[in-house]
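A look at the structure
Single-letter residue listing:
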Amino acid sequence: MLRAEGIHKRYRRNPPVLAGVDLAFDGPVVLSGANGSGKSTLLRIVAGCTSPTAGRVRGRPRVVGYLPDRFPAQLRMPAGVYLRHLAAIRGTAAEPELLDALGFAGPREEAMARLSKGNAQKVGLAQALGGGPGLVVLDEPWAGLDRAAADHLPVLLAHLDVPLLVTDHTGRAARIPGARHVRLVDGVLIPEPADADTGPLAAPAVAVVLRAVDPAALLAELGLRGRVDADRACLTLPPGEVDAVLLAALRHGGSVVSVGPA
Ligand SMILES: Nc1ncnc2c1ncn2[C@@H]1O[C@H](COP(=O)(O)OP(=O)(O)OP(=O)(O)O)[C@@H](O)[C@H]1O
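Residues numbered from 1 in each chain as written. Predicted model: local features only at pLDDT ≥ 70, side-chain atom pairs only at ≥ 80, totals over all residues. Heavy atoms only, no water.

Time to look at the overall build of the chain. Each helix and strand in the chain was counted, giving seven helices and 13 strands. The C-alpha atoms of the chain give 20 Å as radius of gyration, which agrees with the globular expectation for 262 residues (18 Å, within 12%). Overall, the C-alpha framework of the chain stretches about 60 × 40 × 30 Å when taken along its three principal axes. By the burial criterion, 47% of the 262 residues in the chain qualify as buried. (Helix = DSSP H or I, 4+ residues; strand = E, 2+ residues; numbered from the N terminus. Rg over C-alpha atoms; globule rule 2.2 N^0.38 Å. Buried < 20%, exposed > 50% of the residue type's maximum accessible area, 1.4 Å probe, protein only.)

Here we take up the site of the ligand. Residues in close proximity to the ligand total 13 residues, the closest being Asn-35, Gly-36, Lys-39, Ser-40 and Thr-41. Within the backbone of Gly-36, a nitrogen or oxygen atom sits 2.8 Å from an oxygen atom of the ligand. Within the side chain of Ser-40, a nitrogen or oxygen atom sits 2.9 Å from an oxygen atom of the ligand. The protein chains hide 60% of the 640 Å² of surface that the ligand would expose on its own. Residues that form the shell around the ligand fall into these classes: three nonpolar, seven polar and three charged. (Near = heavy atom within 4 Å. Polar contact = N/O pair within 3.5 Å; in protein donor to acceptor, adjacent residues only side chain to side chain. Areas by Shrake-Rupley, 256 points an atom, 1.4 Å probe, with all protein chains shown as cover. Nonpolar A, V, L, I, M, F, W, Y, C, P; charged D, E, K, R; others polar.)

Attention now goes to the pattern of salt bridges. Evaluation of the coordinates by the stated rule reveals 14 salt bridges. Here Glu-109 makes a salt bridge to Arg-84, at a shortest N to O gap of 3.9 Å. With Glu-109 in the loop between α3 (97–101) and α4 (117–129) and Arg-84 in helix α2 (residues 79–90), this residue pair connects regions lying 25 residues apart in the sequence. Its relative accessible area of 46% is what places Arg-84 among the partly exposed residues. (Salt bridge = Lys/Arg side-chain N within 4 Å of Asp/Glu carboxyl O.)

Here the focus is the domain arrangement of the chain. Bring the parts together and some accessible area is lost; that lost area is often taken as the interface size. Along its sequence, the chain is carved into domain 1 (3–191) and domain 2 (206–261). Facing the six residues of domain 1 at the interface are 10 residues of domain 2. Across the domain 1/domain 2 interface, buried area totals approximately 640 Å², and carbon plus sulfur atoms make up 52% of it. When residues of domain 1 are sorted by the area they lose upon contact with domain 2, Arg-183, Asp-186 and Ile-190 head the list and together hold 58% of the total. The tally of links from domain 1 across to domain 2 stands at one salt bridge. The shortest N-O distance in the salt bridge between Asp-186 and Arg-251 comes to 3.9 Å. (Domains from an automatic or database assignment. Contact = heavy atoms within 4.5 Å. Buried area = accessible area lost by both parts, 1.4 Å probe.)

All right, on to helix α5 (residues 147–158) then. Under the 1.5 Å per step criterion, the end-to-end length of α5 is 18 Å for 12 residues, consistent within 8% with the ideal 16 Å. Buried residues belonging to α5 abut α4, β6 (135–139) and β7 (164–167). (Expected span 1.5 Å × (residues − 1).)

Let us now look at the nonpolar core. Val-123, Leu-138, Trp-142, Leu-157 and Ile-176 are the most contacted members of the largest nonpolar core, which totals 32 residues. Mapped onto this core, the elements with two or more residues apiece are α2, α3, α4, β6, α5 and β7. In terms of residues, this core owes the most to one element, α4, which gives six residues. Ignoring any residue separated from it by four or fewer positions in sequence, one finds Val-123 in contact with Phe-71, Ala-79, Tyr-82, Leu-83, Leu-99, Phe-104, Met-112 and Leu-115. (Core = buried A, V, L, I, M, F, W, Y, C linked by side-chain atoms within 4.5 Å.)

On the surface, Leu-250, Val-256 and Val-259 cluster together into a nonpolar patch covering about 230 Å² of accessible area. With respect to the element layout, Val-259 can be found in strand β13 (residues 255–261). (Patch = residues over 30% accessible without salt bridge, like charges linked within 9 Å, V, L, I, M, F, W, Y side chains within 5 Å.)

In this model, the chain carries an average pLDDT of 88, and 95% of its residues clear a pLDDT of 70 or more. Of all secondary-structure elements in the chain, the lowest mean pLDDT belongs to helix α7 (residues 239–251), at 80, while helix α1 (residues 39–47) reaches the highest, 98. In this model residues 196–203 is a low-confidence stretch, pLDDT under 50, and it forms 12 contacts with partners more than four residues away in sequence or in other chains. (pLDDT = per-residue confidence, 0-100.)

Printed below as a string of structure tokens:
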């Protein structure tokens, strides 16, 4: 099984971005977290594009389908040539039907640099999903997609029978069947319920009230949503997440006012 073990990452002398990430890919994994929390860094490490400072990824397959957060579409190569070229490198047949499935509406034989953002993203997705990858890593795949493509993407992902790691700020990843949802907070992963961004939390839930000089900033640092009331941040959390959130809040200078049934 593909497994990330004890992953640490720090850039130069900066504070560590990842501080001991363990992740087993026993199904699709959806990763969330605040801006700058290290999601793209973890994805690059799992995809094999960046080395961790410590730790390792075991069981990475030979072919990884990777959509980076900034897909390099500023290429003079046309989309059709680009996809055929990648398929030749991987020793597989090109899969132009993936572009059709995503509703690609740009010119296939003109420079990719002229594509709209959404059509360039569809080329990025087609190169990541095509060619029989043994692992698919997608960084914000819904960015720039029109409604039809955005609705269709979970269907495409549901048919993958290889490990999948995906980040998502839109909440659409909640529609990937059987996905496990995790959040990066302070460089480590904490579990998150699938519907945390899109619907009511599964019962039983825990009400947590934190005090901070700037409660909105505290929530942002924790990568969580909650109600701000004067110097307080009010959260509703699943029980399994409470300890990690309290610890992270204390580390960020907050204090705990109350913890009780929601
Ligand atoms: N190549 C790099 N060199 C130095 N610092 C980097 C590098 N890449 C990322 N960082 C820093 O690491 C931290 C995590 O960045 P990363 O892009 O992994 O976060 P993220 O959770 O994906 O953010 P976002 O949601 O904004 O895309 C940030 O502070 C960022 O500035």
